[in-house]
Structures are given as structure tokens and as C-alpha cells.
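As a plain string of letters, each chain reads:
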Amino acid sequence: MHALLLPLWLLCAAACKDAPKEGASDGGALPVDSGGAGPSGGGDTGFVIGQDTFASGALDEEPANVLWLVHHGEWSMSPVGGPYTAVTGLLRVLEFIDGDVDQPWCMVVYSMVGESVPVEDYAGCLTCDYAFEVTFFVTIDGGERPLSDAEPLDTGGTYDPDDLLPVFGLEECRSPDLPADGTVWRMGWSELDELVYIDYGNTGTWIPWYAGDRDFDEIIFDWSRTYGFDVPEMEEEE
């Protein structure tokens, strides 16, 4: 069985950091740092991510390394034209050391399946047009992916082992508040705000999570952020 590889379109997308619209993508390019909305924006989650690595001395020095976190996904709502009763989709989480696609840190891909919830159940999301109870299923959890300039050895997509890079899975990802396999979240869409909201911790407090863009029955959403990163020392294989 050949190694698990990052899909080719993700390799191409990850090489481009510019999005056509601030805070949202066209479904191909990955977003730039989107700031406010997202897993660590729109409210303090209490999550501490890594630590900056910098030389001691003067203040305001930049970290020696950074980690570029990218979340990119889409929903397909049904039935066509609404009123919507169900949603399916994908969420891809990618993390790169120093923003270099040839230095992947982790990769997780989720499938999402959800059913609509009654209006009274998302009353706390004042601008939400509709909401779903969404279940996340981990479909790809780390593995290996080829270097950006690697060529496959055959038409089956097999690569030379020397051209493959190890990629951590969910357990090592630094993105805050990632759902575990089987996690259920209540999530809503606001056409006015162009945001995906979540009912944080199922407390009835709805906070902005992803910037998005709707095209008929499809919603494309994304988030990215760069943090200082303390790169762990890896044990050498004998």
C-alpha cells in the first residue's frame, strides 16, 4: 500500500497565500492571515499556542520560527434553493513551518454532515439566517506528502520515499479548538456578516468562527493565522 499523500490540488493551493477577497477564498487559493474571526479570534478561548523562539535581549524581536495555520472548507446545503434541512462538506487543516509548503507540520481533513436546527435553538446568533448541528469525521490524519517539485514514479501516484515528507496528524496540530473525530458542533451562517458562527461549547454563546462567501447553495469559508513557534527537536532514526 503506497503512502498517504496530500491531494495535488492542496499542494498547488498551499503555494499561494493571496486570496481574492479579504477573509475569504475562491475555493482554490488558501487565505492570508484573517485576524478577527476564527478559532482564536472573536473571543478568548484560553488556548495557549506554542511559544515564541527568540534570542534574549532587546524587546520586540521577531520569533526565530513561525507556524502558518490554514483552515479551508466548504458546505453544500440541501435541498437546492432551500429551505435548507441538511449540510455536507469538508474542512482541511494545514500547518506549515515558516510558511514553507515543503516544511509541513500537520494535516487533518474532516468530512462534515449536519441537520438544520429550529430557529429558537440559534436565537443567540442574532444575524444567523440558518444553523446546523454538524458532526465532524476525521478522514485524513497526517501521513506523508511529496515535496513540491517531486515527480511521481508512475501513473498511480507513487513517489520515491526520499521525496516524501512526514506530516503529523490531529494530535500534534497547533490550531486551537480543533474538533475530535465524532465531535458535534452547532454552526450557523450569517449572510449579513458573511461569517460562519459556532455555539461555543454548546453554551448558547455564538461567536464568529470563519469568514465565508456564499454562492447559491454553497458556502466557502476559511481562516489563517501565523504564530511564533518553538520547533521541537526530532529524534534521529537509526
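See above for the structure.
Our subject in this report is the structure included herewith.

Criteria and cut-off values
- Residues numbered from 1 in each chain as written.
- Predicted model: local features only at pLDDT ≥ 70, side-chain atom pairs only at ≥ 80, totals over all residues.
- Heavy atoms only, no water.
- Salt bridge = Lys/Arg side-chain N within 4 Å of Asp/Glu carboxyl O.
- Helix = DSSP H or I, 4+ residues; strand = E, 2+ residues; numbered from the N terminus.
- Disulfide = S-S within 2.5 Å.
- Pairing = 2+ DSSP bridges.
- Axes fitted to C-alpha atoms, helices over the stretch in contact; angles between N-to-C directions.

Here we take up the pattern of salt bridges. Applying the stated rule across the entire model yields 6 salt bridges. We note a salt bridge from R186 to D121, for which the minimum N-O separation is 3.9 Å. Of the two residues, R186 is situated in strand β7 (residues 184-190) and D121 in the loop between β3 (104-116) and β4 (130-141); the sequence distance between them amounts to 65 residues. Among the charged side chains, a network of salt bridges with common partners joins D121, E133 and R186.

What the rule picks out here adds up to 2 disulfides. The disulfide that involves C106 links it to C173, with 1.9 Å between the sulfurs. Here C106 and C173 share a disulfide; its torsion about the S-S bond, 110°, makes the bridge right-handed. One end of the pair, C106, is in strand β3; the other, C173, is in the loop between β6 (164-167) and β7, with 67 residues separating them in the sequence.

A few words now on the sheet that holds β7. Pairing in this closed barrel of 8 strands is antiparallel, and the strands run β1-β2-β3-β4-β7-β8-β9-β10 around the ring. Each strand axis lies, on average, 30° off the axis of its neighbour in the sheet, ignoring direction. As judged from the 6 bridges shared by β4 and β7, these two strands associate in the antiparallel manner. Each residue of the ladder has a partner; that of Y130, found in β7, is W189.

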